[in-house]
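Single-letter residue listing:
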Amino acid sequence: MASRKSLAPIALDADLRLSQAPALRERLLKALAARSPVTIDGGDVAQVDTAALQVLCAFTRDAAGQGLSFSWGGVSGVLRDGAAMLGLDKTMNLPVA
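The structure contained in this document is the topic of the report that follows. These numbers come from a predicted model, not from an experiment.

**Considerations on the pattern of salt bridges**
Then comes step 1: One pass over the structure, following the stated rule, counts 3 salt bridges.
Then comes step 2: Among the salt bridges present, the one from Asp15 reaches Arg17, with a minimum N-O distance of 2.7 Å.
Then comes step 3: Overall, the relative accessible area of 36% leaves Arg17 in the partly exposed class.
Then comes step 4: Here Glu26 and Arg25 are joined by a salt bridge, their closest N and O atoms 3.3 Å apart.

Structure, rendered in structure tokens:
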């Protein structure tokens, strides 16, 4: 079986709040549909809210459910703290700092 080519990393915006959640969801749904390994770079996230974290959490759940290879290319302190505050850091498979 041929290996699947990885998609270009998905770079998260610095402002990752409710207004960006629908666009983020669409980008992640396209990544799921491509069925290729995915890397998300959250190293530039400076603001995050529950809506965006829910989208990321749903993606990581769906990726795991589809057996899709997924990794984090970077995680800002803001992203890590927001996920931890909601108890989503492990669900989102965030790397240990």
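**Focus: unusual backbone geometry**
Most peptide bonds are trans, and most residues other than glycine sit at a negative phi.
Then comes step 1: At Arg35, a position not held by glycine, the phi torsion is positive, near 55°.
Then comes step 2: Mapped onto the elements of the fold, Arg35 is located in the loop between helix H1 (21-34) and strand E3 (38-42).
Then comes step 3: A relative accessible area of 33% means that Arg35 is categorised as partly exposed.
Then comes step 4: Even without being a glycine, Asn93 presents a positive backbone phi close to 60°.

**Observations regarding the sheet that holds strand E1 (residues 10-11)**
Then comes step 1: In space, the 3 strands of this open sheet follow the order E1-E3-E5, with parallel pairing throughout. For this open sheet the edge positions go to E1 and strand E5 (70-75), each flanked by a neighbour on one side alone.
Then comes step 2: Where E1 meets E3, 2 bridges bridge the pair, whose relative direction is parallel. Residue pairing for E3: Ala11 is matched across the bridge by Asp41.

**Quick notes on H1**
Count 3.6 residues to each turn of an α-helix, and residues three or four apart come out pointing the same way.
Then comes step 1: If you check H1, its first and last C-alpha atoms are 20 Å apart, about what 14 residues at 1.5 Å a residue would give, namely 20 Å.
Then comes step 2: A positive phi of about 55° marks Arg35, the residue just after H1.

**Focus on the environment of Thr60**
Then comes step 1: Mapped onto the secondary structure, Thr60 falls in helix H2 (residues 50-65).
Then comes step 2: Overall, Thr60 belongs to the buried group, its relative accessible area being 2%.
Then comes step 3: Distance from Thr60 to Leu32, taken between C-alpha atoms, is 9.9 Å for residues 28 residues apart in sequence.
Then comes step 4: Leaving out residues up to four positions away in the same chain, Thr60 has contacts with Phe70, Thr91, Met92 and Asn93.
Then comes step 5: In this structure the side chain of Thr60 is engaged in a polar contact, spanning 2.9 Å, whose partner is the backbone oxygen of Cys57.

Cut-offs applied
- Residues numbered from 1 in each chain as written.
- Predicted model: local features only at pLDDT ≥ 70, side-chain atom pairs only at ≥ 80, totals over all residues.
- Heavy atoms only, no water.
- Salt bridge = Lys/Arg side-chain N within 4 Å of Asp/Glu carboxyl O.
- Buried < 20%, exposed > 50% of the residue type's maximum accessible area, 1.4 Å probe, protein only.
- Helix = DSSP H or I, 4+ residues; strand = E, 2+ residues; numbered from the N terminus.
- Pairing = 2+ DSSP bridges.
- Expected span 1.5 Å × (residues − 1).
- Contact = heavy atoms within 4.5 Å.
- Polar contact = N/O pair within 3.5 Å; in protein donor to acceptor, adjacent residues only side chain to side chain.

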